[in-house]
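An overview of the molecular structure
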Amino acid sequence: MASNYDRLDAGQRAIVDASVETYARVRPALKGVTNDVLYTLREMFKDAEDAESLFITGRTKTVESFREKISRIDPPAEPGGSPTLKFPDPFRTLNDMVGVRVITKLPRDNAVAANLIKRQRDIFDCRGDREKAIGSIESGTYGYASRHLILRTIQNEAVREYQAVFNPDLPANGSYFFECQIRTIFAHAWSEIEHDIRFKSQDPRAWSPQFDRQFTATAAMLEVVEKEFAELNERYEKVRSFWDESGEGALPLTPDRIRDVWQTLLPHVDRKVDDDWGWAAELVAAHGLTETWQLVELLDAERITEVRKALDHRYSPGPDRLLDDLLLWRFGRAHIELTAEPADAAPHPRRDSLQRRLKQIERYR
């Protein structure tokens, strides 16, 4: 497959060759800029309390990649005209000779990471910030999302060294533009594979339209997976907050609070037709359980498993029955005395039911 360079005319090749020669000469110094930027970003995230990255990587564009990129041409400006080089002055217009990537866990982390970098105004000047996606919601297609920042270094010593190599006759100001991509680990994996197959393949015989379909399908799955992991993380953070006895965990067990905790921990056991959870507030209050963390402690997964085994429910219990059984398992006869009809009442169906279930629990134990 012909490269971009192969399609150029003699005049265009001369311009490209001159730039490539310069790039090959200065690239070692430019690698110093890349290493300096990487070190700065890694230290930045290491010390950050509100931002996290899985890893930060970077690269200095290879000479071959540089040649191929600056060999791109634009169509003629006028009918019958000649195509022109897209990057006739690459050292002024290209921002990706130095490129770094900040890899995060979840989509929401991208914005946090971007904001952290943009706040370091004494190190970097952000000159561009955009969301890049091969597919978008507006077009009804799928693709990976990535946050792209164009950053300018400020009085950077590694840049000054590079500038001295590039043109020793000009004053070195330490200012250099480079690209910083921020994306999730899922998007990173997808884009790396997609780039290798779609953009690095040089043999048109190795291409099939089925690849496009598969990339679209995997991008759709990627979006679903990221959404599920994001929701899972939100649920985890919410559950963890329930145990904070000096914060969320101390909130009083109102009917609405009990419903919220229950639907977070046990969404598969939620069959109440109405939204009135006053019955639950009365049951737990009878045992002095008044704060969120106490209810979360009661709804222990292992305890629920044991209760189900002990009582061998013929029908899957709803929230009211399961909560009642959990309290009976934990408090035993005290639960009967605190929540059932008086022993001398007639009739006393709840007391009879609780006593029967308590005997089942005692036999199981």
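Source: prediction; values computed, not measured.

What follows is about a nonpolar patch on the surface. Together, Val225, Phe229, Leu232 and Tyr236 make up a nonpolar patch on the protein surface, roughly 380 Å² of accessible area in all. Here leucine 232 shows up in helix α7 (residues 209-242).

Moving on, we get to the side chain of asparagine 233. Secondary-structure assignment places asparagine 233 in helix α7. Apart from residues lying up to four places away in sequence, asparagine 233 is in contact with Leu106 and Arg108.

The final tally for this structure, using the stated rule, is eleven aromatic pairs. On the basis of an interplanar angle of 70° and a centroid distance of 5.6 Å, the ring pair of phenylalanine 124 and phenylalanine 178 is categorised as edge-to-face. With a gap of 54 residues between them, phenylalanine 124 in strand β5 (residues 124-133) and phenylalanine 178 in strand β7 (residues 177-184) connect regions that are remote in the sequence. Phenylalanine 178 carries the same exposure label as phenylalanine 124, and that label is buried. Pairing tyrosine 162 with phenylalanine 166 gives two aromatic rings, centres 6.0 Å apart and planes at 35°, and the pair type is tilted. Taken together, the positions of tyrosine 162 and phenylalanine 166, both in helix α5 (residues 157-166) and four residues apart, correspond to about one turn of that helix. Here tyrosine 162 falls in the buried class, since its relative accessible area comes to 5%. Through pairs of rings, three or more aromatic residues link up here, namely Tyr23, Phe66, Phe91, Tyr162, Phe166 and Tyr176. Lying over the aromatic face of tyrosine 5, arginine 67 brings its terminal NZ or CZ to 5.9 Å of the ring centre. If you follow arginine 365 out to its NZ or CZ, it ends over the ring of tryptophan 329, 4.0 Å from the centre.

The subject of this paragraph is the environment of glutamine 360. Tracing the sequence through the fold places glutamine 360 in helix α14 (residues 349-364). Relative accessible area serves as the criterion here: at 19%, glutamine 360 is assigned to the buried category. For the pair formed by glutamine 360 and alanine 310, sequence separation is 50 residues and the distance between their alpha carbons is 6.4 Å. Those residues in contact with glutamine 360 that sit more than four places away from it in its chain are Ala310 and Leu311.

Every other side chain in a regular strand lies on the same face of the sheet, so the side chains alternate between the two faces. Counting buried residues in strand β6 (residues 145-153) gives seven out of nine residues, a clear majority hidden from the surface. Looking at chain direction, β6 and β7 are connected through six bridges and run antiparallel. What sits directly across from leucine 151, in β7, is phenylalanine 178.

So, about helix α12 (residues 319-331). Compared with an ideal rise of 1.5 Å per residue, which puts 13 residues at 18 Å, α12 spans 18 Å between its outermost C-alpha atoms and is within 8% of the ideal. Turning to α12, its buried residues number three or more, namely Pro319, Leu322, Leu323, Asp324, Asp325, Leu326, Leu327, Leu328 and Trp329. Tucked inside the fold, the buried residues of α12 contact α8 (255-265), α9 (278-285), α10 (292-298), α11 (301-311), α13 (333-339) and α14.

Thresholds applied
Residues numbered from 1 in each chain as written. Predicted model: local features only at pLDDT ≥ 70, side-chain atom pairs only at ≥ 80, totals over all residues. Heavy atoms only, no water. Patch = residues over 30% accessible without salt bridge, like charges linked within 9 Å, V, L, I, M, F, W, Y side chains within 5 Å. Areas by Shrake-Rupley, 256 points an atom, 1.4 Å probe, with all protein chains shown as cover. Salt bridge = Lys/Arg side-chain N within 4 Å of Asp/Glu carboxyl O. Helix = DSSP H or I, 4+ residues; strand = E, 2+ residues; numbered from the N terminus. Contact = heavy atoms within 4.5 Å. Phe/Tyr/Trp six-rings, centres within 6.5 Å; stacked < 30°, edge-to-face > 60°. Buried < 20%, exposed > 50% of the residue type's maximum accessible area, 1.4 Å probe, protein only. Lys NZ or Arg CZ within 6 Å of the ring centre and 35° of its normal. Pairing = 2+ DSSP bridges. Expected span 1.5 Å × (residues − 1).

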